[in-house]
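Listed below are the residues making up each chain.
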Amino acid sequence: MSLLKEKLQQILPAQAEDLKNFAKEYGEKVIGEVTIGQAFGGMRGIKGLVCDTSEVPADKGLIIRGTPISEITDKLPEEIFWLLLTGTLPNAEELADLQSDLKSREDVPQYVWDVIDTMPADSHPMTLFNTSLLIMQRESKFAKAYSDGIKKSEYWAYTLEDALDIIAKVPSIAAYIYRKKYADGKRIATDKTADWGTNYVKMLGLEDSKGDFSKVMNLYLTCLSDHEGGNVSSFAASTIGSALSDLYYTLSGGLNGLAGPLHGLAVQECLKWILETMEKFGGTPSLEELEKFTWDTLNSGQVVPGYGHAVLRVTDPRFTAFLEAGRKYCPEDPVFQTVDKVFEVVPKVLQTISKINNPWPNVDASSGCLFYHYGLKEFDYYTVIFSVSRVLGISAQTIINRAYGMPLTRPKSMPSAKFKKEVGA
Ligand code: HAX
């Protein structure tokens, strides 16, 4: 048995028992109220989801299992997956065991390559990625075990199996999608000695002789892995998973949410916006030019991509991590310099607009320019990299939900007329 499964077997059943008792004892306790504003405002702030992998306090940003993301940016994504699941970082032996387990599961079924090859050439890379996950559903060990008849207490272990199978395969799939759409269409074999993120970079086939790109990729995959339970992709995934749909369905569905421009697709919009400013002003713009361009964007009814957040009310610490990486690895890059300058200008502009609750940058404002620097210039593809990372968090959340025996998600909806009636409007 893998060391990860052994560890989870020690902790998850006890946690599940504890929470079952907690919910039973305090089931009637009131913890909040819901306003009309919240019902009509995307349910912001309503405390109705349980997520133990991470939390996002509005004034701090991402905290994974009690540790702020800024303190663990040097960790590998595999270590973060272990942390999300268990609450502690793996020791060297545990990490090596997880990495070798993943290596043993890397082979992607031939039909996945065939389906990618058959899809229309202009399919969005996210469509190719999510379709690849979906068609692999027939491999689900959970689905098979469920139809054979298993106990509820065993659900999480089969979900863990699916998670490890998927995590092991997604870098190869994502890399092939890149090569198919933007390079020579040939697959690069996995490197059996490289860590998860470095292997992904190698399979993309882009230049990384100094190894910086791999470091940046690992930083990105670590930082984007999870963002508590209520973000669109995780919430959609947890709703799907609550029906006991297996992890292939769950991930594919959740990541379809990530493909939206207000969520994961924003990273592509951000870089597009940065490059537009550079094109308009013939290079890195001045602060005055950027301010004007920001106003032009707002006055034309568009949002400034990369700024604002549904929950955060401070600069996203992941934005800061990427900005620091840019200052370290590519300070002379004009695109990076523009991103740095935009950070000086945009918050000041957005602060003058009262309806905007958060004028500060989110994670997507600084990540794309790093990919661009390393030659990954096709921004349509950026959400796929986000997805590779988010597979870690959604998988961890789904395994834990199964272990806790979380029920079917089913909030109450009402016709708008009933809301009006309820408040006497
Ligand atoms: N530019 C212009 N207007 C903005 C804005 C921005 N960057 N951020 C918020 N607003 C506007 C909203 O559109 C909204 O206007 P309306 O009332 O006219 O609809 C108003 O300010 C209030 O919005 P909010 O409460 O501050 O923010 P929301 O929770 O509604 O939305 C968003 C959060 C991230 C969707 C929003 O800030 C936005 O559209 N930002 C730009 C796109 C972006 O960067 N998305 C990536 C988010 C990070 C992420 O999830 N990545 O996966």
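Residues numbered from 1 in each chain as written. Predicted model: local features only at pLDDT ≥ 70, side-chain atom pairs only at ≥ 80, totals over all residues. Heavy atoms only, no water.

A. Summary view of the overall build of the protein chain. Within the protein chain, the regular secondary structure consists of 19 helices and three strands. Against the compact-globule benchmark of 22 Å for 425 residues, the protein chain has a radius of gyration of 22 Å, which places it among compact chains. Referenced to the eigenvectors of the C-alpha coordinate spread, the extents of the protein chain come out at roughly 65 × 65 × 40 Å. Within the protein chain, buried positions represent 51% of all 425 residues. Taken as a whole, the protein chain presents about 19,700 Å² of accessible surface, with 53% of it coming from carbon and sulfur. Across the protein chain, the 45 positively charged side chains and the 54 negatively charged ones have centroids separated by 5 Å. (Helix = DSSP H or I, 4+ residues; strand = E, 2+ residues; numbered from the N terminus. Rg over C-alpha atoms; globule rule 2.2 N^0.38 Å. Buried < 20%, exposed > 50% of the residue type's maximum accessible area, 1.4 Å probe, protein only. Areas by Shrake-Rupley, 256 points an atom, 1.4 Å probe, with all protein chains shown as cover. Lys, Arg positive; Asp, Glu negative; His and termini not counted. Charge placed at Lys NZ, Arg CZ, Asp CG, Glu CD.)

B. Representation of the nonpolar core in the model. Counting residues in hydrophobic clusters, the biggest one holds 111 residues, and the most contacted among them are Phe81, Phe129, Tyr200, Tyr381 and Ile385. Broken down by element, this core gets its largest block of residues, 15 residues, from helix 8 (residues 155–182). With near-sequence residues (within four places) excluded, tyrosine 200 lies in contact with Pro171, Ala174, Ala175, Met217, Leu221, Tyr381, Val384, Ile385 and Val388. (Core = buried A, V, L, I, M, F, W, Y, C linked by side-chain atoms within 4.5 Å. Contact = heavy atoms within 4.5 Å.)

C. Here's a closer look at the packing of helix 17 (residues 364–373) against helix 18 (residues 382–404). Two numbers describe how helix 17 lies on helix 18: the axes approach to 11 Å, and their chain directions differ by 110°. Considering the angle they form, helix 17 stands roughly perpendicular to helix 18. The segment helix 17 lies against helix 18, with Asp364, Gly368, Phe371 and Tyr372 engaging Tyr382, Ile385 and Phe386. (Axes fitted to C-alpha atoms, helices over the stretch in contact; angles between N-to-C directions. Parallel < 35°, antiparallel > 145°, perpendicular 65-115°, else oblique.)

D. The environment of arginine 410, seen in detail. Mapping arginine 410 onto the fold places it in the loop between helix 18 and helix 19 (416–422). On the accessibility criterion, arginine 410 (65% relative accessible area) is exposed. Note: C-alpha distance between arginine 410 and serine 242 (168 residues apart in sequence) is 9.3 Å.

E. Spatial organisation of the sheet that holds strand 1 (residues 54–55). The strand order 1-2-3 describes an open sheet built from three strands, whose pairing is antiparallel. Two strands lie at the open edges of the sheet, namely strand 1 and strand 3 (67–68), each paired on one side alone. Across two bridges, the pairing between strand 1 and strand 2 (residues 63–64) is antiparallel. Along strand 2, the bridge assignment pairs glutamate 55 with isoleucine 63. (Pairing = 2+ DSSP bridges.)

F. Looking closely at the packing of aromatic side chains. Using the criterion set out here, one finds 17 aromatic pairs in the structure. With a centroid separation of 5.9 Å and 55° between ring planes, the pair formed by tyrosine 146 and tyrosine 155 is classed as tilted. Here tyrosine 146 falls in the partly exposed class, since its relative accessible area comes to 42%. Here a set of aromatic residues connected by ring pairs shows up, and it is made of Tyr220, Phe322, Phe371, Phe379 and Tyr382. Above the face of the tyrosine 176 ring, arginine 187 is positioned so that its terminal group lies 5.6 Å from the ring centre. A cation over an aromatic ring shows up here: lysine 377 above the ring of tyrosine 372, its NZ or CZ 4.9 Å from the ring centre. (Phe/Tyr/Trp six-rings, centres within 6.5 Å; stacked < 30°, edge-to-face > 60°. Lys NZ or Arg CZ within 6 Å of the ring centre and 35° of its normal.)

G. Expanded view of the site of the ligand. Near the ligand you find 21 residues, and of these Gly306, Tyr307, Lys355, Asn357 and Asp364 are the closest. At a separation of 3.4 Å, a nitrogen atom of the ligand approaches a polar backbone atom of leucine 262. A distance of 3.0 Å is found between an oxygen atom of the ligand and a side-chain nitrogen or oxygen belonging to histidine 263. Protein chains shield 75% of the accessible area of the ligand, which is 910 Å² for the free molecule. Counted by class, the shell around the ligand contains 10 nonpolar, eight polar and three charged residues. (Near = heavy atom within 4 Å. Polar contact = N/O pair within 3.5 Å; in protein donor to acceptor, adjacent residues only side chain to side chain. Nonpolar A, V, L, I, M, F, W, Y, C, P; charged D, E, K, R; others polar.)

H. Quick peek at helix 18. Compared with the 33 Å implied by 1.5 Å per residue over 23 residues, the 33 Å span of helix 18 between its first and last C-alpha is a close match. At arginine 390, helix 18 shows its largest bend, some 35°. The element helix 18 is largely enclosed, with a buried count of 23 among its 23 residues. Following helix 18 by one or two positions, glycine 405 has its phi on the positive side, about 70°. (Expected span 1.5 Å × (residues − 1). Bend = angle between axes of the 7 residues up to and from the residue.)

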